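Residue-level structure breakdown
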Amino acid sequence: MTEPLMRRLAARGERLTVGALPWVAPVYRAMPQVAEVLELPFAHGGLQWAARRSLAKQLRGRFDTAYVCPNSLKSALLPWWAGIAKRVGYQGESRVALLTQRLPNPPEGERPPMVAFYSALSGEPDVQGDQPALQLTVEMVLTAMAQLELRRQGYYVMAPGAEYGPAKRWPARHFAALARQLPLPVVLLGSSKEAALCAEIAQTANAAKPGQCLDFSGRTSLDQALAIIAAARAMVSNDSGLMHVAAAFGVPQVALFGSSSPLHTPPLSANAQVLWLKNDPAYRPALDCAPCFKRECPLGHTRCLVDIQPADVLRFL
């Protein structure tokens, strides 16, 4: 979702180095406008003062401007300690002194889609229409497929996970039922955290249609996952990071929304079909509870996702 920002900055002649955690660095390496990706040696959570100060010392004198995409205090510490003269970011988390150019955070109920939110850091107008785009070479795709012994006759991808919580996940039984009805094999993608979920889907689908599901959860690097998605016939996913990857490659996709909102984090692609019962006038009773943005359904039914049927998805594939 930050790719359109990178494109705007590169188009006006800025040479871009992106500081990213290792788990997301491959996404930036797939952006041709990014000249360098600096993998940040920080663990998730905690300020890690010593590590940040040590890296900041190494970066002194290298950069003229820092665009701080996350809203956290710790993300603004590194460019401040590195002495970068111009530091652009949104207000928040008491970091007034750490930024030289501060954009006001929109009210929580009025935030624009995240692509526009990030693109506004460029200081340029008309950021609403930007669409993300990633690029991989054919060699990168073929290498990944060979490494994973993935057949080339075509396949679908399903990404059934959503790290935020179960209120964003379409039921495993629905994924399995859909997989059984598809004419090509299905590749299941996810981290090791989704291994049990993907194993359940594969076991159920393969019991009725042997060999239909290939479970790659926890077995791929992010580079390999990007290549698998880029070459897929189509992808089905929840509202997740891999959903945005598919959109950025222009892969035909069906994106399933429940507790979150496609008004805030939509897959920005002409080839994306969003299913969200909140927007379906024929669905009754109406989902007055959505979007709740909760990790687990406060009402205990999660019907915003349960009631999306495999047949509803199949008609777009």
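Coordinates for the structure precede this section.
Quick look at the structure, then. Computed from a predicted model, the values in this text were never measured in an experiment.

Quick notes on the side chain of Arg52
As for its placement among the helices and strands, Arg52 is situated in helix α3 (residues 49-59). On the basis of relative accessibility, which here comes to 6%, the residue Arg52 falls in the buried class. Reaching out from Arg52, the side chain makes a polar contact with the backbone oxygen of Leu47 at a distance of 2.5 Å. Discounting residues that sit within four places of it in the chain, Arg52 has contacts with Phe42, Gly46, Leu47, Lys74, Leu78 and Trp81.

Overview of the packing of aromatic side chains
Overall, the coordinates contain five aromatic pairs when judged by the stated rule. Judged by centre distance (4.0 Å) and plane angle (5°), the ring pair of Tyr90 and Phe117 falls under stacked. Linking Tyr90 in strand β4 (residues 86-90) with Phe117 in helix α5 (residues 114-119), this pair joins segments that are 27 residues apart in sequence. We classify Phe117 as buried; its relative accessible area is 3%. Above the plane of the ring of Phe42 lies Arg52, whose end atom (NZ or CZ) is 4.2 Å from the centre. A cation over a ring is seen here: Arg295 above Tyr164, with NZ or CZ 4.3 Å from the ring centre.

Observations regarding the packing of α3 against helix α4 (residues 73-81)
In a packed pair of helices, the relevant descriptors are the angle between the two axes and the axis-to-axis distance. Where α3 meets α4, the closest approach of the two axes is 8 Å, and the angle between their N-to-C directions is 35°. Every pair of crossing elements has a handedness; the one defined by α3 and α4 is right-handed. Of α4, the residues touching α3 (which contributes Trp49, Arg52, Arg53, Leu55, Ala56 and Leu59) are Lys74, Leu77, Leu78 and Trp81. Here the contact of α3 with α4 is built from residues that sort into seven nonpolar, no polar and three charged.

A few points about the pattern of salt bridges
If you walk through the whole model with that rule in mind, you get ten salt bridges. With a shortest N-O distance of 2.8 Å, Arg12 and Glu14 are connected by a salt bridge. Lys193 is paired through a salt bridge with Glu163; the nearest N and O atoms lie 3.2 Å apart. Residue Lys193 is found in the loop between β7 (186-188) and α8 (195-208), and its partner Glu163 is found in the loop between β6 (156-159) and α7 (172-181); the two are separated by 30 residues along the sequence. Overall, the relative accessible area of 61% leaves Glu163 in the exposed class. Within this structure, Arg8, Arg12, Glu14, Glu124 and Asp130 form a network of salt bridges that share partners.

Here's the deal with the environment of Gln309
The residue Gln309 is located in the loop between α11 (303-306) and α12 (310-314) in this model. For the pair formed by Gln309 and His174, sequence separation is 135 residues and the distance between their alpha carbons is 6.9 Å. Ignoring sequence-local partners within four residues, the contact set of Gln309 consists of Trp170 and His174. A polar atom in the side chain of Gln309 sits 3.5 Å from the backbone oxygen of Val306.

So, how was this worked out
Residues numbered from 1 in each chain as written. Predicted model: local features only at pLDDT ≥ 70, side-chain atom pairs only at ≥ 80, totals over all residues. Heavy atoms only, no water. Helix = DSSP H or I, 4+ residues; strand = E, 2+ residues; numbered from the N terminus. Buried < 20%, exposed > 50% of the residue type's maximum accessible area, 1.4 Å probe, protein only. Polar contact = N/O pair within 3.5 Å; in protein donor to acceptor, adjacent residues only side chain to side chain. Contact = heavy atoms within 4.5 Å. Phe/Tyr/Trp six-rings, centres within 6.5 Å; stacked < 30°, edge-to-face > 60°. Lys NZ or Arg CZ within 6 Å of the ring centre and 35° of its normal. Axes fitted to C-alpha atoms, helices over the stretch in contact; angles between N-to-C directions. Left-handed = near helix turned anticlockwise from the far one by under 90°. Nonpolar A, V, L, I, M, F, W, Y, C, P; charged D, E, K, R; others polar. Salt bridge = Lys/Arg side-chain N within 4 Å of Asp/Glu carboxyl O.

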